[in-house]
Amino acid sequence: MTSTRQEVTEPEASGHAAPDLAEPGMVQLLGPDGTLRSDAEYSRYVADVDADMLRGFYRDMALTRRFDEEATALQRQGQLALWVPLRGQEAAQIGSGRATRPQDYIFPTYREHGVALTRNVDFPQMLRIFRGISNGGWDPRENNFHMYTMVLAAQMPHATGYAMGVQRDQAGWDRDRLEKEGTAVVAYFGDGASSEGDVHESMVFAASYASPVVFFCQNNQWAISVPFHVQSRVPLAERARGYGFPGVRVDGNDVLAVLAVTRWALERARRGDGPALIEAYTYRMSAHTTADDPTKYRLGADERAWVAKDPITRLEKHLRAEGHADDDFFARVAADGDAMAARVRREALAFEPPELAQSFGNVYAEAHPLIQEELRWHREYEAGFDDGAAPDAGTTAGEDGR
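Reading the values: rules and limits
- Residues numbered from 1 in each chain as written.
- Predicted model: local features only at pLDDT ≥ 70, side-chain atom pairs only at ≥ 80, totals over all residues.
- Heavy atoms only, no water.
- Pairing = 2+ DSSP bridges.
- Helix = DSSP H or I, 4+ residues; strand = E, 2+ residues; numbered from the N terminus.
- Contact = heavy atoms within 4.5 Å.
- Axes fitted to C-alpha atoms, helices over the stretch in contact; angles between N-to-C directions.
- Buried < 20%, exposed > 50% of the residue type's maximum accessible area, 1.4 Å probe, protein only.
- Arc of directions from axis to C-beta.
- Polar contact = N/O pair within 3.5 Å; in protein donor to acceptor, adjacent residues only side chain to side chain.

(A) Seen up close, the sheet that holds strand E8 (residues 276-281). Taken together, the six strands give an open sheet; going across it, the order is E1-E7-E8-E4-E3-E2, and neighbouring strands pair in parallel fashion. A single partner strand is all that each edge strand has here, and the edge strands are strand E1 (26-27) and strand E2 (105-107). The pairing of E1 with strand E7 (residues 247-251) spans two bridges and is classified as parallel. Along E7, the bridge assignment pairs Val27 with Val250. Here helix H2 (residues 90-97) sits on the sheet and contacts strand E3 (185-190), strand E4 (213-219) and E8; the angle it forms with E4, its principal contact strand, is near 165 degrees.

Right, here's the structure in full:
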């Protein structure tokens, strides 16, 4: 079978991408119709994928989407301050996440809910930060999945620095040990973040020191309301050449292709061959966040064209065509998704909100006189709402600034 490296035309005059055509040089193993194709370079990286693994990928993607739907509903009902949807990007996240090993460390942005699933982060805990009651929600040391980064591209220098540290920890390891036990780092970012200086600086350092980091860009076509072609006149993967490391453009709605390309990049990073850039070409089929209205800047025709490339539907077609799954399987996954969503809602609504006074203890590691003074003012302010109650003059928990 021939390799599927597809072609894409220039964006339409309206400024919107033409999603019904394909992109030159793009790696694809599973076509939109669910047909499995061969690639001379990357098919070997998914040679171990059997029916059980395929069903697992489908389940991962379906549960991730169901979680996304439930979180969106919670935000619309006023239970979350904000939510960042990922509809349409499930294959990019599950494929790349499942390519990692437990010792690898991941730096996400704020949309990697599917990657979090592959790292065993409990879905309800991910809602703490969006409910406004925590600065995080999980311990990144338990699963090597860093906290969400709300500041655009701020995680990129952290990822490169962490990779440089890993490189020094593993200094003296031979190539065989590196391939078997070595740690690699994955830095996720979006096409919008690619315009930030932090991305450029991180890639310069990673290239200079041949650090074991994989830069994974989910190009979902829109930096909020700015179309991709306005930000970059060339595919993002081509930028890698300027830094001196390889870049690959992959069909981000093809979970197998994403798995293969990410395995390749992680393999070379672990053995000491340096960084790589992966551009997962996909589409955000929902709003940038729940504070966004994409109908103000996107054409409905573009969105409808991408529905035909839905990553979950694509894998379902393949599973059915190959006899790997039947109606009972898909019904069970849907039921499991509903049960998971009910648990997410139940646990999220039961979170105990912290007292505002606790926030003063998060500013400095040690007691600080200014923070102590501001905490005392805050307690006096709160006490003013009590009927005749006097503020507590004594020291209370958190009043020392810790």
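Here the narrative resumes.
(B) Broad picture of helix H14 (residues 311-321). Those residues of H14 that fall on the buried side of the exposure criterion are Pro311, Ile312, Arg314, Leu315, His318 and Leu319. Along the long axis of H14, the arc covered by the buried residues comes to 160 degrees, so they all point the same way. In the core, the buried residues of H14 are packed alongside helix H1 (51-76), H2, E7, helix H12 (255-270) and helix H15 (327-349). Residue Asp310 occupies the N-cap position of H14, its side-chain oxygen lying 2.8 Å from the main-chain nitrogen of Ile312.

(C) Representation of the pairing of E8 in the model. A large share of E8 lies buried, amounting to six of its six residues. Where burial is concerned, the two faces of E8 agree: the one with Ala276, Ile278 and Ala280 and the one with Leu277, Glu279 and Tyr281 are both buried. For E4 and E8, the ladder comprises six bridges, and the chain directions are parallel. From the neighbouring strand, Gln218 faces E8, where its bridge partner is Ala280. With five bridges joining them, E7 and E8 adopt parallel strand pairing. Note that in E8 the partner of Gly247 across the bridge is Leu277.

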